[in-house]
Amino acid sequence: MIGFLAKYDRLFSKEIIALAVLLLANFICAVIVSLLFKDQDAETKSMIQLASIAIISMLSCIVLLQMNNSRVAAVQAMGTLVQRDKLTNLASREVFQKNLAKHLSKCDENDPFILLMVDLDRFKELNAFLGYNAADLILQQFAERLSQLAETEEFAARIGGDEFALIIPYDGTKASLQARIRDLFETIYKTYMCNKQSVELTVSTGVTLFPDDGRDPEGLSQNAYFALQRAKKEGHNRLCCYDEVADPKMMDYHFLSQDMDRALQDGEFLLYYQPQFSFETGEQTGFEALIRWNHRDRGIIPPSVFIPIAEQNGLILPLSEFVLRSACETASKWGNSRLKVAVNLSPIQMRQCQIADQVAEILLETNLEPRRLELEVTESLFIDINDSISSDLAHLQRQGISIALDDFGTGYSSLAYLTSFPFDKIKIDRSFVEHLATDDSSMAIISAVIGMGKSLNMRITAEGIEDQQCYDILRLAGCDEAQGYLLGKPRDLDVEPVEASEKIERRISAVA
Ligand code: C2E
Ligand code: CA
Ligand code: CA
């Protein structure tokens, strides 16, 4: 019986097994008593039986109680393991959330506190450099220092691999906030020792305040998290306090960043095309492909919002490949084979992917002549241009693809960039064009760029032309090509297909 019960130990808890054993013992005892005292009268026999059953039952209760106590102790010990992070012995994320909720239920406006989320900068690199064991030692030292700062040990937690949370009380004044943060930095920025090697750490920190920035545990933690993300995004080694203007944008940043991969799979990205015209002939010369995200819940999202996110999360590479492929595919179907398609390249794409091979492959696949493709690069690419980028660009150019320098005049604005590569085209940025009629210096810059471009044998495109006056000035100044809302906004060619070129010519000559 015991063997049978033991075999089914998982189904029957130890207490049930013990109870069954003790009941059996009671039964056996009753039988033995009746055999031993078979000569006694019935009354005495039942008294003896009752007494022995009572003794065995008492013993059963003691054994069961003992077993239960040890089980509770075991469960409690297990709970502590779950509640405490094994490596650092700090509270876990779940426990920290519970402690925060408990703390908040006892706090009122007169008990302000600071909630900090701290993330070790470049911990992955540290891991790779020192090895996992040594990096663990650093984490332990870091945790030890954090727990010194927290008022009680429930208020310091390890909430992720290299992310920590901390609650510290303060008196609600700015001076006290600054003093507590100074303490924090003084404690954690001291050198760490690891296998006799000294290691310097930097951290990014997000700060949120109770009651100013939130009153519920979720809201406070989330605000601290967004502030932390902003600190990381702004270049690490910094502290950001929750800001109700900047951080909702951060929230958006995260939402969009996480949703982007799905959107790419679901085909939510599409291209709009904006026409470009020759000043001299009035004919359309091509289209610039401009990406849009048609988000399932939010509708059209402009590239100024999601391109920087894609550049951060790495999705710029598949996104750029999609742009290049669809633009070439679309252009190959235009009836007018003189029209070029211009595609914007991200500097990351230029640095990280074999752009020359990718372009060659896509042109072959889509059957588009190289002379019909224009690639727009920005000045930022030329800040730390390396030989491989220059040779890729030169290689593409030799194939017949034209290379345009986009947004000229913004950013680093040096005429020196014009001589760093033999561009086919310079695109004067919209910011100069929009102030043309009112600002003499814009005109002077445009004239200088046109002069320089002509002497270097580069065509000049002016973008962002919104009115007739501007168009006329640029034509007289000697610009070659025009692009802007006056001549056509970017549009979805599936909805508004390419018009017959004569019609566009008539339209541009009417404008001219
Ligand atoms: P960009 O290359 O300078 O593109 C021109 C931008 O100016 C476009 O904005 C266009 O809609 C806008 N624009 C054109 N004419 C006018 C005008 O007359 N008035 C005004 N107010 N705006 C005008 P969009 O499409 O929002 O693109 C913004 C930027 O996003 C682009 O600037 C480009 O830097 C980037 N971008 C767009 N598509 C791609 C892409 O496929 N890949 C990469 N890497 N970047 C892209
Ligand atoms: Ca462009
Ligand atoms: Ca531009």
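Look a little higher up for the structure.
What comes next is a walk through the structure. (Residues numbered from 1 in each chain as written. Chains lettered and ligands numbered in written order. Predicted model: local features only at pLDDT ≥ 70, side-chain atom pairs only at ≥ 80, totals over all residues. Heavy atoms only, no water.)

1. Some points on the site of ligand 1
Stated precisely, the cut-off is as follows: Any residue with at least one heavy atom within 4 Å of a molecule or strand is counted as near it. Whenever two N or O atoms come within 3.5 Å, that pair is a polar contact, provided that in protein one can donate a hydrogen and the other can accept it, and provided that, for residues adjacent in sequence, both atoms are side-chain atoms. Accessible surface is estimated by sampling points in the Shrake-Rupley manner with a 1.4 Å probe; for residues, cover comes only from the protein chains shown.
The local shell around ligand 1 holds 20 residues, among which Gln274, Arg292, Arg430, Glu466 and Tyr485 are the closest. Between ligand 1 and Arg292 there is a distance of 2.9 Å, counted from an oxygen atom to a side-chain nitrogen or oxygen. Within the side chain of Asp407, a nitrogen or oxygen atom sits 3.1 Å from an oxygen atom of ligand 1. Protein chains shield 83% of the accessible area of ligand 1, which is 800 Å² for the free molecule.

2. Focus on the coordination of the calcium ion (ligand 2)
Metal coordination angles in their ideal form are 109.5 degrees for the four-donor tetrahedron and 90 or 180 degrees for the six-donor octahedron. For clarity, the cut-off: Metal donors were taken as nitrogen, oxygen and sulfur atoms no farther than 2.8 Å from the ion, or 3.2 Å where the ion is Na, K or Ca. Water is excluded, so coordination may look unfinished. Strands here are runs of E lasting at least two residues and helices are runs of H or I lasting at least four, both read from the DSSP assignment and numbered beginning at the N terminus. We call a residue buried when its accessible area falls under 20% of the maximum for its residue type, exposed when it is over 50%, and partly exposed in between, using a 1.4 Å probe and counting protein chains only.
Every protein donor of the calcium ion (ligand 2) is accounted for by Glu288 (OE), Asn344 (OD1), Glu376 (OE) and Asp406 (OD), and the metal-donor separations fall at 2.1 to 2.3 Å. Of note, the donors binding the calcium ion (ligand 2) are all from one chain and are spaced E-x55-N-x31-E-x29-D. For the pair the calcium ion (ligand 2) and the calcium ion (ligand 3), the metal-to-metal distance amounts to 3.8 Å, and Asp406 bridges them. Of the two residues, Asn344 is situated in strand β11 (residues 340–344) and Asp406 in strand β13 (residues 402–408); the sequence distance between them amounts to 62 residues. Judged by relative accessible area, Asn344 falls into the partly exposed class, the value being 30%.

3. Examining the coordination of the calcium ion (ligand 3)
Coordination of the calcium ion (ligand 3) by the protein comes from Asp406 (OD), Asp407 (OD), Glu463 (OE) and Glu463 (OE), over a distance range of 2.1 to 2.9 Å. For the calcium ion (ligand 3), the single-chain donor residues occur in sequence as D-D-x55-E.

4. Things to note about the environment of Gly299
Stated precisely, the cut-off is as follows: The contact criterion used throughout is that any non-hydrogen atoms of two residues lie within 4.5 Å.
With respect to the helices, strands and loops of the structure, Gly299 is situated in strand β10 (residues 299–301). As a C-alpha pair, Gly299 and Glu268 span 31 residues in sequence and 9.7 Å in three-dimensional space. Leaving out residues up to four positions away in the same chain, Gly299 has contacts with Trp293 and Asn294.

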